[in-house]
Each structure stands twice: as structure tokens, then as C-alpha cells.
Amino acid sequence: MTKTTVYKNEPSRKELAKEVGHKCLVSRRNFLIGSGATTATIMVVLNPGTADAKEVPAQVTTYPRKLIGHVSKLKQDEPLDFSYPDEGAHSDCMVVKLGVKAGGGLGKDQDIVAYNYACTHQGNSLSGSYKAETKSLGACSLHLSTYDLTRHGILISGQAYQSLPQILMEVEGDKIYATGVFGLIFGRENNLHS
Ligand code: FES
């Protein structure tokens, strides 16, 4: 039987075990266990291999995985919507093939990423605001926040002060699964409750 390779953009166990200080882009949560989900604060590298490379702290919550799409059905710069981690408030998300290598990107070109749609400023939906030219979501229709999808959803401009939550994924064969959330979804204390 042929073994199917699984590609993940989840942080390693070593990263998950690395506790960090109090200067967070997102709220700090240390190793909360509950409801089958695990939450931790880790350090991630933005812009690895470049002069702008730097470590930043971020919250990661892992869940049982959910099928959200297929690699073969993704068309460049055409986001597909799905709900994650549940059907509750602010669970609307999108997966998109950017066409350029991205932080946490999966697939052979490392360009498939997924994000939650809720603006981290006041929770306004960013659905329909994807910009192919800049590989960004926004500007938010309320206060113009815009997020860079190539760099873990960091803020480019606007009123927000937290990065857009990035969805952790696995690619197994042609199937794309969501497995967790990297960052804090607006309106949730720890991504576990809506
Ligand atoms: S709700 Fe999006 S910038 Fe204020």
C-alpha cells in the first residue's frame, strides 16, 4: 500500500513547549487543556531567511482536524470559504492559493494559506475583501485594517493591533484539513468558546 505524505503548517512540539514573555501580538495563554483542544503561546519566525526575520509570540490552539477543501480544486487568488473551529460566532474562514510562497503556506509552492475572516479590531467580517495584487485581506469596511496573508496575517495598516488568526492545516494527498488556530479569534477568550 502506498503511504500518503502529510504536510502540516503546525508548529513543532518543541515550539509548543517554548514558553515566552509577556510582550504578545495576541493575548497570552499558557498550555490550557480542555474540550479536546490545546492552547499554547509559542514563538514563530516572520520572514524566515530574510533580513526582516524576527521571532514573535503567538497563540496556537489545536483541534480535531476538519476537511476544508482539495488542493486540485483551488484556483489561484480565488478564496474558498469554510467554518472553523465550529459553527459559532466569528467562525467564518477562507482558504486561498496565493501564488507566492507564504508563512505557514502548504502545497508544493508553499502558497496555500487559510485565515479567519473576523477583523481583530471589532470583529467586522473581511469576507470579500481579498486583494490578489497585495495578497492581503482588507481594507476592513469599518476602520480600514488590512492584513498581510503572506506573513501570518500581520497588520499592514488600520486600527487593529493584533494579527489575523491563521488556520493551521494539514495537506494529505489532495485533501486539505484544518487542525487549529494560530492567533486569537475576535470575541473569544481562548478560541474554545464563542
Ligand atoms: S472592525 Fe475592522 S478595523 Fe475596526
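Residues numbered from 1 in each chain as written. Predicted model: local features only at pLDDT ≥ 70, side-chain atom pairs only at ≥ 80, totals over all residues.

Colleague: For this particular structure, what's the right way to read the overall build of the protein?
Modeller: When its secondary structure is counted, the protein shows 1 helix and 13 strands. Shown N-terminal to C-terminal, the secondary structure of the protein runs as helices and strands in the order β-α-β-β-β-β-β-β-β-β-β-β-β-β. Residues counted as buried form 38% of the 194 residues belonging to the protein. (Helix = DSSP H or I, 4+ residues; strand = E, 2+ residues; numbered from the N terminus. Buried ≥ 20, exposed ≤ 12 C-beta atoms within 10 Å, placed from the backbone.)

Colleague: So what exactly am I meant to see when it comes to the confidence of the model for the protein here?
Modeller: Chain-level pLDDT for the protein is 80 on average; 71% of the residues reach the 70-or-more range. Across residues 13–36, where pLDDT falls below 50, the model places 43 contacts with residues more than four positions away in sequence or in other chains. (pLDDT = per-residue confidence, 0-100. Contact = placed C-beta atoms within 7 Å.)

Colleague: It is not clear to me how unusual backbone geometry should be interpreted in this structure. Could you clarify?
Modeller: Backbone phi values are negative for most residues with the exception of glycine, while trans is the configuration of most peptide bonds. Residues Y84 and P85 are joined by a peptide bond in cis, for which omega reads 5°. Mapped onto the elements of the fold, P85 is located in the loop between β5 (80–83) and β6 (92–97). Residue G138 is joined to A139 through a cis peptide bond whose omega torsion reads 0°. Positionally, A139 belongs in the loop between β9 (136–137) and β10 (146–148).

Colleague: Sorry if this is basic, but what is going on with the nonpolar core here?
Modeller: For soluble globular proteins, the rule of thumb is that nonpolar side chains tend to be buried together. Within the largest apolar cluster, 38 residues are counted, with the highest numbers of intra-cluster contacts made by V113, A114, Y115, I167 and M169. Excluding residues that lie within four positions of it along the chain, M169 makes contacts with N9, L106, A114, I176, Y177, A178 and T179. (Core = buried A, V, L, I, M, F, W, Y, C linked by C-beta atoms within 7 Å.)

Colleague: Just checking my understanding: could you explain the pairing of β6 for this structure?
Modeller: Regular strands show a simple pattern: their side chains alternate between the two faces of the sheet. Where burial is concerned, most of β6 is hidden: 5 out of the 6 residues are buried. Judged from the 4 bridges that link them, β5 and β6 form a sheet pairing that is antiparallel. Opposite F82, over in β6, you have C93 as the bridge partner. In this structure, β6 lies alongside strand β7 (residues 112–116), joined through 5 bridges in antiparallel fashion. Counted as the bridge partner of C93 is N116 from β7. (Pairing = 2+ DSSP bridges.)

Colleague: Is there a simple way to explain the pairing of strand β13 (residues 175–182) in this structure?
Modeller: For β13, the tally of buried residues reaches 6 of 8 residues, placing the bulk of the element in the interior. Relative to β13, strand β12 (residues 166–172) is paired through 7 bridges, and the arrangement is antiparallel. Pairing of E172 across the sheet is with K175, part of β13. Adjacent in sequence and paired antiparallel, β12 and β13 are bridged by 2 residues, among which G173 carries a positive phi angle near 65°.

Colleague: How do you make sense of the sheet that holds β9 when you look at a structure like this?
Modeller: Strand order in the open sheet formed by 4 strands is β8-β9-β10-β11, with antiparallel pairing between adjacent strands. Every other strand in the sheet has two partners, leaving β8 (130–131) and β11 (154–157) as the edge strands with one partner each. Sheet topology places β8 next to β9; 2 bridges connect them, and they run antiparallel. Residue pairing in the sheet places Y130 in a bridge with L137 of β9.

Colleague: Can you help me understand the environment of L149 in this one?
Modeller: Tracing the backbone shows L149 in the loop between β10 and β11. For L149, a count of 28 C-beta atoms within 10 Å corresponds to the buried category. In sequence terms L149 and S136 are 13 residues apart; their C-alpha atoms lie 5.2 Å from each other. Ignoring anything within four residues of it in the chain, the contact list for L149 reads L98, A102, V113, Y115, K135, S136 and L137.

Colleague: Mind showing me how you'd approach the environment of E170 here?
Modeller: Looking at the secondary structure, you find E170 in strand β12. Once residues within four sequence positions are removed from consideration, E170 is found in contact with V6, Y7, K8, R65, Y177 and T179.

Colleague: Just to check I follow, could you spell out the environment of D109 for this structure?
Modeller: Among the structural elements, D109 can be located in the loop between β6 and β7. Note: C-alpha distance between D109 and L98 (11 residues apart in sequence) is 9.4 Å.

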